[in-house]
Amino acid sequence: MGKLESLRIFCVSWFIAAACLQTSHGASQQPNIILIVADDLGYNDVSFHGSDQIPTPNIDFLGYTGIILNNYYVSPICTPTRSAIMTGRHPIHTGMQSGVIVGTQPYGLPLNETIMPQYLNKLGYRSHIVGKWHLGMFKWEYTPLYRGFESHIGYYQGCEDYYTHTYEADLVCTSQWGLDFRRDKEVLWNYTGKYSTEVFKEEAVKIINEHNKSQPLFLYLPFQAVHSGNGDSTHLQAPKEYIDRFGYIQNEQRRIYAAMVSALDDAVGEVYDALKNTGILNNSIIVFTTDNGGPANGFDFNAANNYPLRGVKATLWEGGVRGVGLVHSPLLEKQGYVSEQMLHVCDWLPTFFKAAGGDTSALKNLDGFDSWEMLSSNGAAVRSEILHNIDPDDDSSAIRVGDYKLLIGNVVSSWDGWYPPYQLSGDEQALHFSNFTEGRSDLTKGETKLRDRLHKQYNKFWPPEVSSRMKELYTFLEDSEVYARYRHYQAKTTSKINPSQSHNGDSKLAFVPEGHLWRGENEYNAMNLRGSPVKLNCGPKPANASSNCIPSVAPCLYHIPSDPCEYYNLAYTKPEVVTELLNRLKTYVSTMVPPGNQPYDDRGNPTHHGGAWVPWQ
């Protein structure tokens, strides 16, 4: 073969290889990856889990027509989960296992860790972050633009006011307060009065609209919602038009919290619409996840809810670590199912890397498992155990191996209850001190009737509040059975939608829960339209559920598939399982690095930097 012929073959081969990365329209064939993280969203705060207070039609739509993750776990608190998402490594291996980064603590996710955008950028991705970081900011090198993201609008710390975008680290010795909002490295002083959920939604839509389709997009969208605001200021915040949607919730805190969730749900819908309208939805993967369980019953000044799960955010009970999660993508071979395979937040990095065409064997020292084929085909589980955490600072740990979960140590026993959602005014006091599920002797017949009446009003408030989004959305699955049902629904409901509430032709996500079909403005008629909410049925709570486990005294063992609410401690009847799980914990302890937490450094106080939180070293 001559040199000219060899050159010709090489050029043709190169051209074919390059063409394989693009469609006929010049769009990348590598999937766009949209990772949406809700902050502090509780298990019982989405209607696809059966919440009968807060409808989440946009999030539900993605779950019901994608994959609902029903055996999915996150870390019990914010910074550890975000470190696991970014590195694919368990927080015990990065020093992120103990608490969160607060104010002027000079530490962050170690710089020797390669993180998700850096991996994806090597495959040709353009990576952007919109929202919360919370993985270190005392030096610029720890901030997003130095770790693989080409743009960032949002904040560095763990929480802040939704409108002033100021953060206060109320420490023991001093109060540290300042603005924490920026575009890239520039502090934004002119966003006061703009609700963060709206800001982040608009920025995400802008990035999608302006993205060059010839390159794959990685959009990391960690919302502020629904975390509480500053501790000494207004804790829960939402625009009035959202609060007005929830008049059937008498309790003010829960009503505002529901409004925060609803604003988040609308934002998710508009991000989806942007993907659809720009023509890149067909080649996109959307993952929605919470970062930890909800801070229920007043924990952290919040009104989230995990019922009927036990515990709250920052605990190792299921209410602290069992996450709200879903995957939505036309690239999935199977869709519209509930995944019961075990999945951990560490798994997202290798899963995305595989879906993006990367060779996962090149990923070293990961604790996560590539779960793309498992999820796509509803295949066999790829992991059989999850280390929830080992925290040497507060002497607590929990692990799940197979169906069994072991807890030992200081598992925040003061927040180990089963907390129902607030409904009546005063529930934030009464339920906080007297667990409603234990039976309240102080609840009068009048209060009981009022609670029941307000509860029933939910079904009357939902239709008019959701009606503005009830225009049917057609996507890549127009010929599927699922969308045939949606078309059937649309044909029966088009005439029932108030034209004054339309969006001038703009498509909006819509979902109607099982058992409901439009019949009139405030009335439903029963019909099984689409799937059932994924609810947990734990049965009646035994009288000794609160006392049969004291993990600070002895390990507690639960069979999670049959007892997700952690009612029945099996440690005394299955000592051999306890021994097995303790041995697994010892193995993990031998691989753990010390927590990276550092003492506060007042040099980072915003008073030294013009009133803003900025890197100070």
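Relevant structure appears above.
Remember, it's a predicted structure, so these values are computed and weren't measured experimentally.

Let's talk about the pattern of salt bridges
Phase 1: Taken as a whole and judged by the stated rule, the model has 22 salt bridges.
Phase 2: One salt bridge connects glutamate 113 with arginine 89, and the closest N-O pair in it is separated by 2.6 Å. Here arginine 89 lies in the loop between helix H3 (78-87) and helix H4 (116-121) and glutamate 113 lies in the loop between H3 and H4, a separation of 24 residues in the sequence.
Phase 3: Residue glutamate 113 is classed as buried on the basis of its relative accessible area, which comes to 9%.
Phase 4: Using a relative accessible area of 17% as the deciding quantity, one classes arginine 89 as buried.
Phase 5: A salt bridge links lysine 354 to aspartate 370; the nearest nitrogen and oxygen atoms lie 3.4 Å apart. Of the two residues, lysine 354 sits in helix H9 (residues 348-355) while aspartate 370 sits in the loop between H9 and helix H10 (372-377), which places them 16 residues apart along the sequence.
Phase 6: Looking at lysine 354, the relative accessible area reads 30%, which means it is partly exposed.
Phase 7: Since its relative accessible area comes to 23%, aspartate 370 is described here as partly exposed.

Regarding the pairing of strand E4 (residues 126-132)
Phase 1: Burial of E4 is extensive: six of the seven residues sit out of reach of the surface.
Phase 2: Summarising the sheet, E4 and strand E10 (residues 217-222) pair through four bridges and their orientation is parallel. Pairing of isoleucine 129 across the sheet is with tyrosine 220, part of E10.
Phase 3: In this sheet, strand E5 (residues 151-155) lies alongside E4 in parallel orientation, the contact comprising five bridges. For isoleucine 129, the partnering residue across the bridge sits in E5 and is histidine 152.

A few points about the state of the cysteines
Phase 1: Under the definition given, this model contains two disulfides.
Phase 2: Here cysteine 538 is linked by a disulfide to cysteine 565, with a sulfur-sulfur distance of 1.9 Å. Linking cysteine 538 and cysteine 565, the disulfide has an S-S dihedral of approximately 65 degrees and is accordingly described as right-handed. Of this pair, cysteine 538 sits in the loop between strand E19 (523-525) and strand E20 (556-559) while cysteine 565 sits in the loop between E20 and helix H14 (575-589), placing them 27 residues apart in sequence. As far as the burial class goes, cysteine 538 and cysteine 565 line up, both buried.
Phase 3: Here cysteine 549 pairs with cysteine 556 through a disulfide, and the sulfurs are 2.0 Å apart. Taking the sign of the torsion about the S-S bond as the criterion, the disulfide between cysteine 549 and cysteine 556, at about 100 degrees, is right-handed.
Phase 4: The class of cysteine 549 is buried, set by a relative accessible area of 4%.
Phase 5: Once the bonded cysteines of the protein are numbered in order along the sequence, the disulfide links fall as 1-4, 2-3.
Phase 6: With no disulfide of its own, cysteine 78 lies closest to cysteine 159 among cysteine sulfurs, the gap being 9.5 Å.

Considerations on the layout of surface pockets
Phase 1: A volume near 610 Å³ is recorded for the largest pocket.
Phase 2: Lining the largest pocket are 27 residues; nearest its centre among them are Val100, Val102, Cys159, His227 and Asp300.
Phase 3: Top element by residues in the lining of the largest pocket is strand E6 (residues 166-170). It accounts for four residues.
Phase 4: Its residues placed into classes, the lining of the largest pocket shows 13 nonpolar, eight polar and six charged.

The rules behind each value
- Residues numbered from 1 in each chain as written.
- Predicted model: local features only at pLDDT ≥ 70, side-chain atom pairs only at ≥ 80, totals over all residues.
- Heavy atoms only, no water.
- Salt bridge = Lys/Arg side-chain N within 4 Å of Asp/Glu carboxyl O.
- Helix = DSSP H or I, 4+ residues; strand = E, 2+ residues; numbered from the N terminus.
- Buried < 20%, exposed > 50% of the residue type's maximum accessible area, 1.4 Å probe, protein only.
- Pairing = 2+ DSSP bridges.
- Disulfide = S-S within 2.5 Å.
- 1 Å grid on protein atoms, 1.4 Å probe; cavity = no way out; pocket = protein on both sides within 12 Å on 5 of 7 lines; lining within 4 Å.
- Points joined across faces, edges and corners; volume = space filled by probe spheres on them.
- Nonpolar A, V, L, I, M, F, W, Y, C, P; charged D, E, K, R; others polar.

Nothing here speaks to function; it is all geometry.
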